[in-house]
Amino acid sequence: MARRPDLVGLTVLAMLSVRAAHPYELHRFIVDTHKDYVTGLPRSLYHAVEKLAGEELIVPVETGRQGRRPERTVYEITDEGRRQLASRLHALLETPHPDRRTFTAAVSLVGTLPASGALRALRARAATIEGLLAGMDAHLRAMKDGGLPDLLMIEVDYERALNEAELAWVRRVIARLESGELDWAGTVRQDLLSQVLDGP
């Protein structure tokens, strides 16, 4: 069985690639931007931070207290953390996973990659889905030729429809990236994250 991707850890790395922050800020960002694929908050977030720090993908840079609030530790991403973020995000963008939330997570964090890297990953995904659809079509034809009633193949038809819809969406995003309609310089700017974290 394939290991389930660590979507919480990936999200923490992505946010810290934009700017250093403490876990409470990260929690607020996840909630405020409706990153609904992140479950088990706040425990899962603190566990992810602890794990990433243990792996030296993030490091504490300062600990402070404001007023009567609890002491908070600010973390920043390491160079290895940036490499891991890019590698993990590319893998989730390129390769379809049975749990469709993994793609939702990857798409929601795509701005932390250079647009050119995102485009390459999405092209690879489109090619993979095209292959999946061809295989499903052959399977459906063989089952139909074998006399199986449509009702017994309906779940395959459903999966095919989901893949077809995803492929159409991925192709539209690729076209927008290729035309320059959808673009971002390098990676998501720090002021965009600050806008969400700091509020009006």
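Residues numbered from 1 in each chain as written. Predicted model: local features only at pLDDT ≥ 70, side-chain atom pairs only at ≥ 80, totals over all residues. Heavy atoms only, no water.

Looking at an unreviewed UniProt entry, one finds the protein chain named PadR family transcriptional regulator, with Planobispora siamensis as its source organism.

### Some thoughts on the overall build of the protein chain
Scanning the protein chain from N- to C-terminus turns up eight helices and two strands. Start at the N end of the protein chain and walk to the C end: the helices and strands fall as α-α-α-β-β-α-α-α-α-α. With respect to the three principal axes, the spread of C-alpha positions in the protein chain is 75 × 35 × 30 Å. Each of the 200 residues in the protein chain was classed as buried or not, and the buried ones make up 38%. Looking at the protein chain alone, contacts between residues at least 24 apart form 67% of all its contacts between residues at least 6 apart. A total accessible area of about 11700 Å² is found for the protein chain, and carbon and sulfur atoms account for 54% of it. (Helix = DSSP H or I, 4+ residues; strand = E, 2+ residues; numbered from the N terminus. Buried < 20%, exposed > 50% of the residue type's maximum accessible area, 1.4 Å probe, protein only. Contact = heavy atoms within 4.5 Å. Areas by Shrake-Rupley, 256 points an atom, 1.4 Å probe, with all protein chains shown as cover.)

### Here's the deal with helix H4 (residues 79-94)
Helix length check: H4 (16 residues) gives 23 Å between terminal C-alpha atoms against 22 Å at 1.5 Å per residue, within 8%. Listed in full, the buried residues belonging to H4 are Gly81, Leu85, Leu89, Leu92 and Leu93. Down the axis of H4, the buried side of the element spans an arc of 95 degrees, and every buried residue falls inside it. Structural note: H4 exposes Asp79 and Arg83 on the side pointing more than 90 degrees away from its buried face. Here the buried face of H4 lies against helix H1 (7-16), strand S2 (72-77), helix H5 (101-108) and helix H6 (115-145). (Expected span 1.5 Å × (residues − 1). Arc of directions from axis to C-beta.)

### Considerations on the side chain of arginine 160
Turning to its location among the elements, arginine 160 is positioned in helix H7 (residues 154-179). According to the relative accessible area criterion, arginine 160 is buried, its value standing at 16%. There is a polar contact of 2.4 Å between the side chain of arginine 160 and the side chain of aspartate 137. Beyond its immediate stretch of four places on either side in the chain, arginine 160 contacts Leu133, Met136, Asp137 and Leu140. (Polar contact = N/O pair within 3.5 Å; in protein donor to acceptor, adjacent residues only side chain to side chain.)

### Considerations on the environment of arginine 120
Position of arginine 120 relative to the elements: it lies in helix H6. A relative accessible area of 52% places arginine 120 in the exposed class. Each C-alpha atom, one on arginine 120 and one on glutamate 94, is 8.3 Å from the other, the two residues being 26 residues apart in sequence.

### Quick look at H7
Over its 26 residues, H7 runs 38 Å from end to end, which matches the ideal 38 Å to within 8%, given 1.5 Å per residue. Listed in full, the buried residues belonging to H7 are Val156, Arg160, Asn163, Glu166, Leu167, Val170, Val173, Ile174 and Leu177. Phi for glycine 180, located one or two positions after H7, is positive at around 90 degrees.

### Side note on the packing of aromatic side chains
Throughout the structure, instances matching the rule amount to one aromatic pair. Geometrically, the ring pair formed by phenylalanine 103 and tryptophan 169 is edge-to-face, given 6.0 Å between the ring centres and 85 degrees between the ring planes. One end of the pair, phenylalanine 103, is in helix H5; the other, tryptophan 169, is in helix H7, with 66 residues separating them in the sequence. Since its relative accessible area comes to 32%, tryptophan 169 is described here as partly exposed. (Phe/Tyr/Trp six-rings, centres within 6.5 Å; stacked < 30°, edge-to-face > 60°.)

### Quick word on the nonpolar core
Considering soluble globular proteins, one finds that nonpolar side chains tend to be buried as a cluster. Counting residues in hydrophobic clusters, the biggest one holds 46 residues, and the most contacted among them are Val12, Leu16, Leu26, Leu93 and Leu122. Of all the elements in the fold, those that place two or more residues in this core are H1, helix H2 (23-32), helix H3 (43-54), S2, H4, H5, H6 and H7. (Core = buried A, V, L, I, M, F, W, Y, C linked by side-chain atoms within 4.5 Å.)

### Some details on the pattern of salt bridges
Enumeration according to the criterion identifies 13 salt bridges in this entry. The shortest N-O distance in the salt bridge between glutamate 166 and arginine 125 comes to 2.7 Å. Separated by 41 residues along the polypeptide, glutamate 166 in helix H7 and arginine 125 in helix H6 bring together distant segments of the chain. For the pair glutamate 166 and arginine 125, one class covers both residues: buried. A salt bridge links aspartate 150 to lysine 144, with the shortest nitrogen-to-oxygen separation between them at 2.8 Å. (Salt bridge = Lys/Arg side-chain N within 4 Å of Asp/Glu carboxyl O.)

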